Amino acid sequence: MLTKHRALSSIIASVLLSTVLGCSGENNTKEISSSNKESSISTAGIDAISAKKLPNIVILYVDDLGYGDLGSYGAKGVKTPNIDALASQGIRFTDAHSSAATCTPSRYSLLTGQYAFRNSAAILPGDAPLIIDHTKPTLPAMLKKAGYTTAVVGKWHLGLGDGFVDWNKAVKPGPIELGFDYSFLMPATGDRVPTVYLENHHVVGLDENDPITVSYQERIGERPVGTKSSELLKQTADLQHSATIVNGISRIGWMKGGKAAEWVDEEFPHVFTNKAKSFIADNKDKPFMLFFPFHDIHVPRVPNKMFAGKSTMGVRGDAIAQMDWMSGQIIDELKKQGVYDNTLIIFSSDNGPVLDDGYNDKAVEMLGEHNPSGDYRGGKYSAFEAGTRVPMIVTYPNGMKVKGDSAALISHIDFYRSLAVLTETELADNEAIDSENILSALLDANTSARTEMLEESFTLSLRDGNWKYIAPPTGTTPDWLANKDIEMGLQAKPQLYRLSDDKKERINLADEFPEKVMSMQQRIEQIVANN
Ligand code: NG6
Ligand code: CA
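Residues numbered from 1 in each chain as written. Chains lettered and ligands numbered in written order. Predicted model: local features only at pLDDT ≥ 70, side-chain atom pairs only at ≥ 80, totals over all residues. Heavy atoms only, no water.

A few points about the side chain of Asp 191
What counts here: What counts as a helix is a DSSP run of H or I of at least four residues, what counts as a strand is a run of E of at least two, and both are numbered from the N terminus. Each polar contact in these results corresponds to two N or O atoms within 3.5 Å; when the atoms are within protein, one needs to be able to donate a hydrogen and the other to accept it, and residues that are neighboring in sequence are counted only if both atoms are side-chain atoms. It only takes one pair of heavy atoms within 4.5 Å for two residues to be counted as in contact.
Along the chain, Asp 191 falls in the loop between strand 5 (182-186) and strand 6 (198-199). A distance of 2.9 Å separates a polar atom in the side chain of Asp 191 from a polar atom in the side chain of His 241. Leave out the neighbours within four places in its chain, and Asp 191 touches His 241, Arg 251, Ile 252, His 298, Val 299, Pro 300 and Tyr 359.

Description of the site of ligand 1
The condition that has to hold: Here a residue counts as near a molecule or strand whenever at least one of its heavy atoms sits within 4 Å of it. Only the protein chains shown count as cover for residues, and the accessible areas themselves come from Shrake-Rupley with a 1.4 Å probe. Here the term cavity refers to a set of points on a 1 Å grid, laid over the protein atoms alone, in which a 1.4 Å probe fits but cannot get out; the term pocket refers to an open set having protein on both sides within 12 Å along at least five of seven lines, with lining residues being those that place an atom within 4 Å of a point. Whether a molecule lies in a cavity or pocket depends on its atoms, and more than half of them have to be within 2 Å of the grid points. Each residue gets one of three labels, nonpolar for Ala, Val, Leu, Ile, Met, Phe, Trp, Tyr, Cys and Pro, charged for Asp, Glu, Lys and Arg, and polar for the others, Gly among them.
Close contacts around ligand 1 come from 20 residues, with Asp 191, Arg 192, Gln 240, Asp 357 and Lys 380 the closest. One of the side-chain N or O atoms of Asp 63 is found 3.4 Å from an oxygen atom in ligand 1. Here an oxygen atom of ligand 1 and a side-chain polar atom of Arg 192 are 2.9 Å apart. Relative to its free-state accessible area of 450 Å², ligand 1 is covered by the protein chains to the extent of 97%. Taken atom by atom, the bulk of ligand 1 overlaps the largest pocket. Across the shell around ligand 1, the residue classes tally to five nonpolar, seven polar and eight charged.

A look at the coordination of the calcium ion (ligand 2)
Here is the rule: Sites may look incomplete because water is not among the atoms; the donors themselves are N, O and S atoms within 2.8 Å of the metal, or within 3.2 Å for Na, K and Ca. For four-coordinate sites, all angles between 85 and 135 degrees define a tetrahedron; for four- and six-coordinate sites, opposite donors beyond 155 degrees with the remaining angles between 65 and 115 define square planar and octahedral shapes respectively, and all other cases count as irregular. Only protein chains enter the accessibility calculation, which uses a 1.4 Å probe. A residue is then buried if its area is under 20% of the maximum for its type, exposed if over 50%, and partly exposed in between.
Bound to the calcium ion (ligand 2) are the protein donor atoms Asp 63 (OD), Asp 64 (OD), Asp 350 (OD), Asp 350 (OD) and Asn 351 (OD1), situated 2.1 to 2.7 Å from the metal. Viewed at the metal, the six donor atoms of the calcium ion (ligand 2) are separated by angles of 51 to 176°, and the geometry they form is irregular. Mapped onto the polypeptide sequence, the residues donating to the calcium ion (ligand 2) form the spacing pattern D-D-x285-D-N. In this pair, the class of Asp 63 matches that of Asp 64, namely buried.

Observations regarding the packing of aromatic side chains
Our working definition: Pairing of aromatic side chains requires ring centres within 6.5 Å, counting the rings of Phe and Tyr and the six-membered ring of Trp. Pairs whose planes differ by under 30 degrees are stacked, by over 60 edge-to-face, and all others tilted. Criterion for a charge above a ring: Lys NZ or Arg CZ within 6 Å of the ring centre, and within 35 degrees of the ring normal.
The tally for this structure, following the rule as stated, stands at 19 aromatic pairs. Consider the rings of Tyr 197 and Trp 263, whose centres lie 6.2 Å apart with planes at 50°: the pair is tilted. Taken together, the positions of Tyr 197 in the loop between strand 5 and strand 6 and Trp 263 in the loop between strand 11 (254-256) and helix 6 (268-282) put the pair 66 residues apart, joining distant regions of the chain. By relative accessible area, Tyr 197 is classed as buried at 8%. The class for Trp 263 is buried, based on a relative accessible area of 1%. Ring plane angle 85° and centroid distance 5.8 Å describe the contact between Phe 279 and Phe 288, whose orientation is recorded as edge-to-face. Taken together, the aromatic side chains of Phe 184, Tyr 197, Trp 263, Phe 268 and Phe 272 make up a single cluster linked through ring pairs. The cationic tip of Arg 92 hangs over the ring face of Tyr 73; the distance from NZ or CZ to the ring centre is 4.7 Å. One cation-aromatic arrangement involves Lys 335 over Tyr 340; the distance from NZ or CZ to the ring centre is 4.8 Å.

Section: empty space enclosed by the protein
To be explicit about the condition: Grid points are joined across faces, edges and corners, and a volume is the space filled by probe spheres set on the points.
Counted under the stated rule, the structure contains five cavities of 30 Å³ or more. By volume, the largest cavity is sized at about 50 Å³. Residue lining of the largest cavity: Val 153, Gly 154, Phe 268, Phe 272, Phe 292, Pro 293, Phe 294, His 295, Asp 296, Gln 322 and Met 326, and that is the complete set. Of all the elements in the fold, those that place two or more residues in the lining of the largest cavity are strand 4 (149-155), helix 6, strand 12 (288-293) and helix 7 (315-336). Partitioned by chemical class, the residues of the lining of the largest cavity number seven nonpolar, three polar and one charged. As for the second largest cavity, its lining consists of Leu 124, Pro 125, Gly 126, Asp 127, Ala 128, His 157, Leu 158, Gly 159, Leu 160, Pro 187 and Ala 188. The class makeup of the residues in the lining of the second largest cavity is seven nonpolar, three polar and one charged.

Considering the sheet that holds strand 12
What counts, and what does not: Pairing between two strands requires that DSSP report at least two bridges joining them.
Strand order in the open sheet formed by ten strands is 7-6-5-4-12-1-13-14-2-15, with mixed pairing between adjacent strands. Each end of this open sheet is capped by a strand with a single partner; those strands are strand 7 (202-203) and strand 15 (404-406). Note that strand 1 (residues 56-62) and strand 13 (residues 343-349) share seven bridges and pair parallel. Pairing of Ile 59 across the sheet is with Ile 346, part of strand 13.

What to know about the confidence of the model for the chain
Defined as follows: Confidence of the prediction at every residue is given by pLDDT, a number between 0 and 100.
Summarising the model, the chain shows a mean pLDDT of 91, and 90% of its residues fall at 70 or more. In this model residues 1-29 is a low-confidence stretch, pLDDT under 50, and it forms 65 contacts with partners more than four residues away in sequence or in other chains. Note on residues 31-51: pLDDT under 50 across the span, and 28 contacts to partners over four residues away in sequence or across chains.

Comments concerning the sheet that holds strand 19 (residues 467-470)
For the record, the criterion: What counts as an axis is a line fitted to C-alpha atoms, over the stretch in contact for a helix, and the angles between N-to-C directions run from 0 to 180 degrees.
One open sheet accounts for four strands, arranged 17-18-19-20; its pairing is antiparallel. Of all strands in the sheet, those with a lone pairing partner are strand 17 (452-456) and strand 20 (495-498), marking the two edges. The mean inter-strand angle of the sheet, taken between neighbouring strand axes irrespective of direction, is 15°. When strand 17 meets strand 18 (residues 460-464), the two strands line up antiparallel, connected through five bridges. Across the sheet, the residue bridging to Met 453 is Arg 463, located in strand 18. Helix-sheet contacts for helix 10 (residues 514-528) involve strand 17, strand 18, strand 19 and strand 20, and the interaxial angle to strand 18 is about 115°.

So, the side chain of Asp 502
Counted only if it meets this: The charge count treats Lys and Arg as positive and Asp and Glu as negative. His and the chain ends do not count. Whenever a carboxyl oxygen of Asp or Glu lies within 4 Å of a side-chain nitrogen of Lys or Arg, that contact is scored as a salt bridge.
The topology assignment puts Asp 502 in the loop between strand 20 and helix 10. Although buried, Asp 502 forms no salt bridge, and the nearest oppositely charged side chain, Arg 506, lies 6.4 Å from it. When sequence neighbours within four positions are dropped, the list of residues in contact with Asp 502 reads Tyr 497 and Ile 507.

Looking at the pattern of salt bridges
Counting across every chain of the model gives 32 salt bridges. Between Asp 166 and Lys 169 there is a salt bridge whose closest N-O contact spans 3.5 Å. With a shortest N-O distance of 2.9 Å, Asp 361 and Arg 301 are connected by a salt bridge. Here Arg 301 lies in the loop between strand 12 and helix 7 and Asp 361 lies in the loop between strand 13 and strand 14 (392-395), a separation of 60 residues in the sequence. Of the two residues, Asp 361 and Arg 301, both sit in the buried class. The network of salt bridges with shared partners includes Asp 95, Glu 385, Arg 389, Glu 455, Arg 463, Lys 468 and Glu 505.

Things to note about the nonpolar core
Rule in force here: Definition of nonpolar core: a set of buried residues of the types Ala, Val, Leu, Ile, Met, Phe, Trp, Tyr and Cys, connected through side-chain atoms within 4.5 Å.
Among the nonpolar cores identified, the biggest contains 66 residues, and Leu 139, Trp 156 and Ile 410 are the most heavily contacted of them. Contacts of Trp 156, omitting those with residues within four sequence positions, involve Arg 107, Leu 111, Leu 130, Pro 175, Leu 178, Phe 180, Leu 185, Met 186, Pro 187 and Ala 188.

Put into structure tokens, the structure is as follows:
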């Protein structure tokens, strides 16, 4: 089924969602009356109590995993048996895209169903305020309304607080105010201070006699910094990543205090996985939604020694093996708790791959034959396909109609509306305005999805079937990306590619098809104007 593009014209005003946010997560017997029903109950005579329950929803969201980084997508330097097994039990998508080519915009769109440019969402520093308006609809609040208990465990990077965060007090608004019942976070990224965990509103393990202060302007406190104490480092780094050193890794930004609360990077796989497993075990008897954004395989790549040498690619490959193990642990817990068959798992990545992202971790030198972008051009930050075209696997034993490979064109921005349809939740007119219902394609490998799709990077690109148009950028790129314009797909002239015979986006057809260029540029302008 091809869903219709929503009429977007009259949507501007905001609608308070306080009623949604106030809803309890108790309704765990809601039945699904959609076409999935035929696979729901096998035994006749069972009454409504055992009628098919809402499926649990688990979103495994890897950071910076490229199209070619999994065994099931052609990886050469690392094995990913747990994810590959998942792929063999569901649908492996070949044209699925993160909403943007960087993390913050991508996650913003996933959780709001709106393009990040509508909110100027860009990569955030670790002390940025929450960029999602908690008075407006969000994916977790929508699912909470549908009867779900919701959690986020992992990397956040969407800002916290409303301007100035005091890490020694309740840190809010944040995920709880957005509709998550439980949160256990890395507040920003692994390469940004503060290097502490945040559980619900509070820093974990904080000693009140050693308060935390964070600065992105100037050095504070006594901790050594990468620019001066390189002998303390496990990996040296570029200037940007050479501020406060914690656990032998220099980070972006400075942090004072909070010594007892510091994380140890090598412990991430156990810490985050255990929190996810506990949430699953605690909620196995009611519908739950777990959003699990990994730190891996983002920099700094400091995998646990369990994974040392598991790949032929050094720490970047070992971090992929670690991510695969963590995924396996979570999948096993779903099985152990008897809820795997009734769980919709979406596995994907927030943007394309990057090798050198600031640390000297030998990702480039040890790459070998492995191609992180698969057959596509570009990677993280890039307007070319590999900026957003990422691995995506969906399983749902109770509801899956046709397994196998799917070439459906899908954006992660579509999860919001599709999950609303799955859970029979009505959306308000101004809710998830850029999100399309592609639920049928998530459950049936033979069903198509979008015909057109916007890709966000440092410019906007549009897919129209196999046509790909990259608009000349109108803004500026960060200094650290200077001189990389061609590599990032950013050019002053329009670019038009025909992916069916040029998947690597090498032959710019813009001069040959000026009308196509004009119509696709106009379509981008319409989308931006919300028409
Ligand atoms: C950039 C960082 C990069 C990474 C990225 C965010 C520099 C030079 N580069 O600013 O290392 O942290 O932000 O990555 O500072 S993302 O996947 O979270 O978008
Ligand atoms: Ca990312």
